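One-letter residues, chain by chain:
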Amino acid sequence: MGGYTGGSKVAFVQGKGFRRFRRRKGRVVTASNTTVRLTVAQALIRFLAAQHSERDGVRHRLIDGCWGIFGHGNVAGIGQALVESGQGPGAPLPFHQGRNEQAMVHAAVGFARQNNRLSAQAVTTSIGPGATNLVTGAALATVNRLPVLLLPGDTFAGRTADPVLQQLEVPYAGDVSVNDCLRPVSRYFDRVTRPEALIPAALQAMRVLADPAETGAVTLALPQDVQAEAYDWPEEFFAERVWRVARPVPEPGVLAEVAEALRGARRPLLVAGGGVHHSEAEDALCAFADATGVPVASTQAGKGSLRHDHPCDVGGIGHTGTAVADELARAADLVIGVGTRWTDFTTASGTLFEAPAVRFVNLNLTSYDGHKLGALAAMADAREALTALTGALRGYRVSPDYEAEYGRGKESWERVVAEALAAHPLDEKARPSQTQVLGALDSVVDETDIVINAAGSLPGDLHKLWRARSPRQYHLEYGYSCMGYEIPAAIGVRMAAPDRPVWALVGDGTYLMLPTELVTAVQEGININVVLVQNHGYASIGGLSEQTGAERFGTDYRFRAPDGTYTGDPLPVDLAANAASLGMEVLRAATYGELRTALAAARASDRPTCVYVETDTDPDVPAPGAEAWWDVVVAETSRRGAAQRAREEYDRRRADQRRHL
């Protein structure tokens, strides 16, 4: 992050070219003593409207708008300030009405990711449950390094009303409120207990939001009495500020080491993470692959960094990866991670990279991620690092035998994909499998469409099978794997990309977690498409439960059987009717043929649309299985045979784990 620059008036910096300060009645003012009297909330809204980010000479609104649900903790502060600022066309800070606080954060995160972290949104809530509902969304944002500004109301700073409605009383600490739950899931947290404290807090908040190496959820807790308190603010506080997003280049000596390591490798593999997208480094990656022939695998966040049909693209890597990518990973002698934080799904819980002498190189903005796996770390922007490395490797290319090997593997896997997605003539009038749902969607989209998913069994199928046609087509939130993310995120993505068709793929379990923002989509005319897959339960966890000896306990949506288990008839719920009751246009598809027709109609529709399909839970064409392991601990002792067998397999696989030092 290169810092901010401002207009002719930039406050709070003393020195050459800036006005000097003096004190009067406890307030810091400029020599010209130019102030404006506003409440703290009014000042914050005005400040946020003047913040911008800039990268490569292109400027963006840093805080594009504000989501909110109002209660006694923010209605007279932030709520009044938003009204005061105006909410018509061209409003300084447009307001968006939400239905669930967690969902509002998800929508803001989807918006920020689609904007490559260069533009974000704020979320305001009341105190109490409104504030604590932010925690899950904040964790998701911070885990995924995506910016969102949280503005929860707080209890009275003056403690005149104590305890106030919804206040958590902590006997051992008078300065604690429920907002302190947000500290561990925020990249920056401050409680603004006096008006003048907003100045440094707001500036620090913008610094973190705009810094790609630091970003995540940023929380400014706002006591409700302070929000409404008036103060004489220096006009310089509201001057336009531009927070420039730098592109650090790799240190020359480190770059030379990386190039030397690659020239000496026989079986190199590049792993593209989400940082490739955030840096808009897709063209640089393509140029690197074209020049060197190094195969490129991708994490969930990095998928789409290369088009699926690029000769060097070998698909997803790790537990949900492709056979070709995982086989290359097992034999790789040099692994180049670009913008990835190396989660357990990517490394197959430390079992994937088997070559005894395998080495790692990490091109990453952050030292924390760059030094994982004992790697040679090049701290740099992904685009700049890839461009510099391509230049340093001029004349280098992997061996023809290696290219031919992974080319054959890619062709073999593409046949697997085609078979899994295909519908045969007899399938046209049958209930589709989940992979055939993806095949039907694949047949109606083009490179402009965006597909969103987060949790359940769909991420594994998508990572293996989806044919990504453009850099931002594939939007998987798998850092936090949060059920309920998809629908609100689709709204945020559509707000960021209003001309692109957006699809939220949700299972029945995810839908029941958080369908509330369908009302928001209908209210605002945000044209999203929801593909609602009914498979009567937690399919993904059901399969994992079976593998770990828990025998699918508590994972099906069914009535209780006489033995007390949930193994009776499926529940008679009608989720399509529920979506319709929330205002969505609903298209029901009972067969594969009807599904394809419904998807095409949804894509052509000019209003929010839900395509409802019940899948075959025992398909003739199952999804390809996992190509690598994932460490989920199994009971060490049990009287049940399923758990005993699962533990034997677990101990066998765990023996392959290693630490890369």
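Scroll up to find the structure.
In this report, the structure presented in the accompanying data block is examined. None of the values given here were measured: they were computed from a predicted structure.

Secondary structure summary: the protein chain contains 24 helices and 26 strands in total. The globule rule puts the C-alpha radius of gyration for 661 residues at 26 Å, and the 26 Å found for the protein chain is close to it. Once the C-alpha set of the protein chain is aligned to its principal axes, its extents read approximately 80 × 65 × 55 Å. Burial statistics for the protein chain: of 661 residues in total, 56% are counted as buried. Residue pairs at least 24 apart in sequence account for 76% of intrachain contacts in the protein chain once pairs closer than 6 positions are excluded.

Bringing the nonpolar core into the picture now. Counting residues in each nonpolar core, the largest one holds 85 residues, and the members touching the most others are Leu270, Phe353, Leu363, Leu386, Leu441, Leu505 and Leu599. Those residues in contact with leucine 505, other than ones at most four positions away along the chain, are Leu438, Leu441, Val451, Ile452, Asn453, Leu458, Leu462, Glu486 and Val531. One finds Met104, Leu150, Phe189 and Tyr612 within the second-largest nonpolar core, a separate group that totals 47 residues.

Let us look at the packing of aromatic side chains. All chains considered together, the criterion is met by 13 aromatic pairs. Judged by centre distance (6.0 Å) and plane angle (80°), the rings of tryptophan 342 and phenylalanine 360 are edge-to-face. Within this pair, whereas tryptophan 342 is found in the loop between β18 (334–338) and α12 (344–347), its partner phenylalanine 360 is found in strand β19 (residues 359–364), the two being separated by 18 residues in sequence. Lying across the ring of phenylalanine 238, arginine 46 places its NZ or CZ 4.5 Å from the centre. Seen from the ring of tyrosine 612, arginine 588 lies directly overhead, with NZ or CZ sitting 5.8 Å from the centre.

Strand-to-strand pairing in sheets goes through backbone hydrogen bonds, with the strands running parallel or antiparallel. In spatial order, the strands read β17-β16-β15-β18-β19-β20; together these six strands make up an open sheet with parallel pairing. A strand with exactly one partner marks an edge of an open sheet, and here the two such strands are β17 (313–316) and β20 (376–379). Strand-to-strand twist across the sheet, computed as the mean angle between neighbouring axes with direction ignored, equals 20°. Relative to strand β16 (residues 296–298), strand β15 (residues 268–272) runs parallel, the two being bridged by three bridges. Looking at β16, one finds that leucine 270 is bridged to valine 296.

The element helix α5 (residues 134–143) is extensively covered by neighbouring structure, given that seven of its ten residues are classed as buried. All of the buried residues along α5 are Leu134, Gly137, Ala138, Ala139, Leu140, Ala141 and Thr142. Where the residues of α5 are buried, they touch α3 (101–114), β9 (120–125), α4 (129–132), β10 (148–154) and β12 (217–223). Immediately beyond the C-terminal end of α5, within one or two residues, lies arginine 145, with a positive phi of roughly 55°.

Looking at where histidine 660 falls in the secondary structure, it is placed in the segment after α24 (641–654). Classification of histidine 660 as buried rests on a relative accessible area of 12%. Discounting residues that sit within four places of it in the chain, histidine 660 has contacts with Phe353, Val358, Phe360, Leu373 and Gly374.

Turning to the environment of glycine 509, a few remarks are in order. Along the polypeptide, glycine 509 turns up in helix α19 (residues 508–513). C-alpha separation for the pair glycine 509 and aspartate 556, spaced 47 residues apart in sequence, amounts to 9.8 Å. Apart from the residues lying within four places of it in its own chain, the contact partners of glycine 509 are Met483, Tyr538 and Tyr557.

This next bit is on the pattern of salt bridges. It is possible for side chains of opposite charge to pair when their charged atoms get near one another. Applying the stated criterion across every chain yields a total of 36 salt bridges. We note a salt bridge from aspartate 442 to arginine 469, for which the minimum N-O separation is 3.0 Å. Pair noted here: aspartate 442 is in helix α16 (residues 434–444) and arginine 469 is in the loop between α17 (458–465) and β22 (474–476), with a separation of 27 residues, a long-range link. Assigned by exposure class, aspartate 442 and arginine 469 land together as buried. Taken together, the salt bridges that share partners define one network made up of Asp56, Arg247, Asp381, Arg383 and Glu384.

This part covers the environment of glycine 273. Along the chain, glycine 273 turns up in the loop between β15 and α9 (274–278). Among the residues examined, glycine 273 registers a relative accessible area of 0% and is labelled buried. Separated by 31 residues in the primary sequence, glycine 273 and glycine 304 have C-alpha atoms spaced 9.9 Å apart. Ignoring any residue separated from it by four or fewer positions in sequence, one finds glycine 273 in contact with Thr299, Ala301, Gly302, Ser305, Val338, Gly339 and Thr340.

You can see glutamate 419 is positioned in helix α15 (residues 400–421). As a C-alpha pair, glutamate 419 and proline 471 span 52 residues in sequence and 25 Å in three-dimensional space.

Mapped onto the secondary structure, asparagine 362 falls in strand β19. Reaching out from asparagine 362, the side chain makes a polar contact with the backbone oxygen of glycine 370 at a distance of 3.0 Å.

Next up on the list: the packing of α16 against helix α23 (residues 592–604). Between α16 and α23, the shortest axis-to-axis distance is 9 Å and the interhelical angle comes to 40°. Taken together, α16 and α23 sit at an angle that is classed as oblique. α23 is crossed by α16, and the crossing has right-handed handedness. Where α16 approaches α23, its residues Gln436, Val437, Gly439, Ala440, Leu441, Ser443 and Val444 are matched on the opposing element by Tyr592, Leu595, Arg596, Leu599, Ala600 and Arg603. Partitioned by chemical class, the residues of the contact of α16 with α23 number eight nonpolar, three polar and two charged.

It is at 9 Å that the axes of helix α18 (residues 486–496) and helix α20 (residues 517–524) come closest, and there the two elements cross at 25°. As far as their axial angle goes, α20 and α18 are roughly parallel. Residues Ile487, Pro488 and Ile491 of α18 touch α20, and the partners they reach there are Glu517, Leu518, Thr520 and Ala521. Considering only residue class, the contact of α18 with α20 consists of five nonpolar, one polar and one charged.

Bringing the sheet that holds strand β26 (residues 609–614) into the picture now. Read from one edge to the other, the open sheet built from six strands follows the order β22-β21-β23-β24-β26-β25, with strand pairing classed as parallel. Whereas interior strands pair on both sides, the edge strands pair on one side only; in this sheet they are β22 and β25 (585–589). Strand-to-strand twist of the sheet, defined as the mean angle between neighbouring strand axes without regard to direction, takes the value 20°. With three bridges connecting them, strand β21 (residues 450–453) and β22 associate as parallel partners. When the sheet's bridge partners are listed, valine 451 is paired in β22 with tyrosine 474.

How each quantity is defined
- Residues numbered from 1 in each chain as written.
- Predicted model: local features only at pLDDT ≥ 70, side-chain atom pairs only at ≥ 80, totals over all residues.
- Heavy atoms only, no water.
- Helix = DSSP H or I, 4+ residues; strand = E, 2+ residues; numbered from the N terminus.
- Rg over C-alpha atoms; globule rule 2.2 N^0.38 Å.
- Buried < 20%, exposed > 50% of the residue type's maximum accessible area, 1.4 Å probe, protein only.
- Contact = heavy atoms within 4.5 Å.
- Core = buried A, V, L, I, M, F, W, Y, C linked by side-chain atoms within 4.5 Å.
- Phe/Tyr/Trp six-rings, centres within 6.5 Å; stacked < 30°, edge-to-face > 60°.
- Lys NZ or Arg CZ within 6 Å of the ring centre and 35° of its normal.
- Pairing = 2+ DSSP bridges.
- Axes fitted to C-alpha atoms, helices over the stretch in contact; angles between N-to-C directions.
- Salt bridge = Lys/Arg side-chain N within 4 Å of Asp/Glu carboxyl O.
- Polar contact = N/O pair within 3.5 Å; in protein donor to acceptor, adjacent residues only side chain to side chain.
- Parallel < 35°, antiparallel > 145°, perpendicular 65-115°, else oblique.
- Left-handed = near helix turned anticlockwise from the far one by under 90°.
- Nonpolar A, V, L, I, M, F, W, Y, C, P; charged D, E, K, R; others polar.

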